[in-house]
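Coordinate inspection notes
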Amino acid sequence: MVAHVISGKDIAQKMREEMAQEVEQLKQRHIVPHLTVVILGEDPASHSYVKGKKKACTQTGISSDVIELPDTTSEQALLDIIDQLNHDDAVHGILVQLPLPKHIDEQHIIEAISPEKDVDGFHPVSVGRMITGQDTFLPCTPHGIIELIKSQQIDIKGKHAVVIGRSNIVGKPVGQLLLNEHATVTYCHSKTENLQQYTLKADILIAAVGKANVIKAEHVKPGAVVIDVGVNRLDDGTLTGDVDFDEVKEIASYITPVPKGVGPMTITMLLKNTIKAAKGLGKGD
Ligand code: GUN
C-alpha cells in the first residue's frame, strides 16, 4: 500500500477562503476581527512564526498588530500590557508568542489572558472546557490535526489512536481531542519502554516527538493513518518531520508531509479562533 499524502497546505487554503467570506460578512455587521500578537526578544524562529501569523490574518481580512518588546521586559510590564489588551474592546484575540525569556513565568502570562480572548487555547479555563467537552477555544495544532483527519472522511470513533509526545501544546491536548471524538487513546513519551509495542497497535499514529525521522516503517501498522507534527531543522537547513516519510508512506494508508502538512493548519486554526473570539465565545463557532 502506498499512502495518500494529506496536503495540509491545500486543506488550509480552502478553509482560509471560507473564513475570508465569513470575515467579510462580519465586517458588514461592523465587526472587524482583530488579533494582537505580543513578542519578546529577537529569536528569528519566533519572529518568522509571528510574521506568518500576521500575513495569514491579512490574507483572510482579519486585522492584526504585533507588539514587539525587548527581552528585558519585566513580567509585571508584560502583565500590565495584557491587562490593557484584556480591556480593549477592539482586540478580540491575544497571543503571546512562546517561549518567553527565562525570567518570566509562562504560566503566569497564560493565566493573565482573558479566557474570552485566549485564541491559543492555553488558559486553564480553556483546557478545562476542552476536557469536559464544552464549546471553547481549542489549541491550534491539535485542532488542526483533527481537522486534517476529518477532511479525509476518516472515522475516528472506536479507533486506537497512539500519541507520541505529552507536551501541553500538542501531545496532551491532541490525545484529549481524539478521546472527545471517541477514539481509544494511548500516550507514549520519552520514558515509554518498548515504544514499538504500542505504535504497532495504532490505527491513528500522532508523532510529536521532536526528533528527525525517528518513526520508521517498523513502528507502523500497515494501513495506519500517520500524522507527523515534527518540525526538525537538519544540518543542511532542510525541514523534516519526526516520521521517516519515504519509508512509512509505503505502508500507511494516509500520511502528512513535512513541510505542508500540519504546519499550515496551525495558523488556520488561529484564524478560526480569532473569528470565534470576534463573534463572542459561546455564540456558535
Ligand atoms: N510558540 C510555538 N508555537 C506556539 C503557539 O502555538 N502559540 C504561542 N503562543 N507560541 C508558540
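Here we summarise the structure given alongside this text. Treat the numbers as computed from the prediction; the structure is a model and nothing was measured. (Residues numbered from 1 in each chain as written. Predicted model: local features only at pLDDT ≥ 70, side-chain atom pairs only at ≥ 80, totals over all residues. Heavy atoms only, no water.)

Observations regarding the overall build of the chain
- In terms of regular secondary structure, the chain is built from 10 helices and 11 strands.
- The C-alpha atoms of the chain give 19 Å as radius of gyration, which agrees with the globular expectation for 285 residues (19 Å, within 12%).
- If you line up the chain on its principal axes, its C-alpha atoms span 55 × 40 × 40 Å.
- Within the chain, buried positions represent 49% of all 285 residues.
- Restricting the contact set of the chain to residue pairs at least 6 apart, pairs at least 24 apart contribute 69%.
- Surface accessibility of the chain: about 13,700 Å² in total, with carbon and sulfur atoms responsible for 51%.
- In the chain, 29 positive and 37 negative side-chain charges are present, and the distance between their average locations comes to 5 Å. (Helix = DSSP H or I, 4+ residues; strand = E, 2+ residues; numbered from the N terminus. Rg over C-alpha atoms; globule rule 2.2 N^0.38 Å. Buried < 20%, exposed > 50% of the residue type's maximum accessible area, 1.4 Å probe, protein only. Contact = heavy atoms within 4.5 Å. Areas by Shrake-Rupley, 256 points an atom, 1.4 Å probe, with all protein chains shown as cover. Lys, Arg positive; Asp, Glu negative; His and termini not counted. Charge placed at Lys NZ, Arg CZ, Asp CG, Glu CD.)

Description of the packing of helix α6 (residues 140–151) against helix α10 (residues 262–279)
- For the pair α6 and α10, interaxial distance at closest approach is 8 Å and the crossing angle is 110 degrees. The angle between the axes of α6 and α10 places the two elements in the roughly perpendicular class. Contacts between α6 and α10 pair C140, T141, H143, G144, I145, E147 and L148 from the former with V262, M265, T266, M269, L270, K272 and N273 from the latter.
- Class assignment of the residues belonging to the contact of α6 with α10 gives a composition of 7 nonpolar, 5 polar and 2 charged. (Axes fitted to C-alpha atoms, helices over the stretch in contact; angles between N-to-C directions. Parallel < 35°, antiparallel > 145°, perpendicular 65-115°, else oblique. Nonpolar A, V, L, I, M, F, W, Y, C, P; charged D, E, K, R; others polar.)

Some points on the sheet that holds strand β3 (residues 63–69)
- Taken in spatial order, the 3 strands make up an open sheet running β3-β2-β4, and their pairing is parallel. Strands at the two margins of the open sheet, each flanked by one partner only, are β3 and β4 (93–96). The average angle at which neighbouring strand axes cross in this sheet is 15 degrees, direction not considered.
- Its contacts with the sheet put helix α2 (residues 44–60) on β2 (34–40), β3 and β4, and the angle it makes with β3 is roughly 160 degrees. (Pairing = 2+ DSSP bridges.)

With respect to the site of the ligand
- Neighbouring the ligand are the residues L95, V96, Q97, L98, D120 and F122.
- Within the backbone of V96, one N or O atom sits 2.8 Å away from a nitrogen atom of the ligand.
- A distance of 3.2 Å separates a nitrogen atom of the ligand from a polar atom in the side chain of Q97.
- Protein chains shield 80% of the accessible area of the ligand, which is 280 Å² for the free molecule.
- Tallied by class, the residues present in the shell around the ligand amount to 4 nonpolar, 1 polar and 1 charged. (Near = heavy atom within 4 Å. Polar contact = N/O pair within 3.5 Å; in protein donor to acceptor, adjacent residues only side chain to side chain.)

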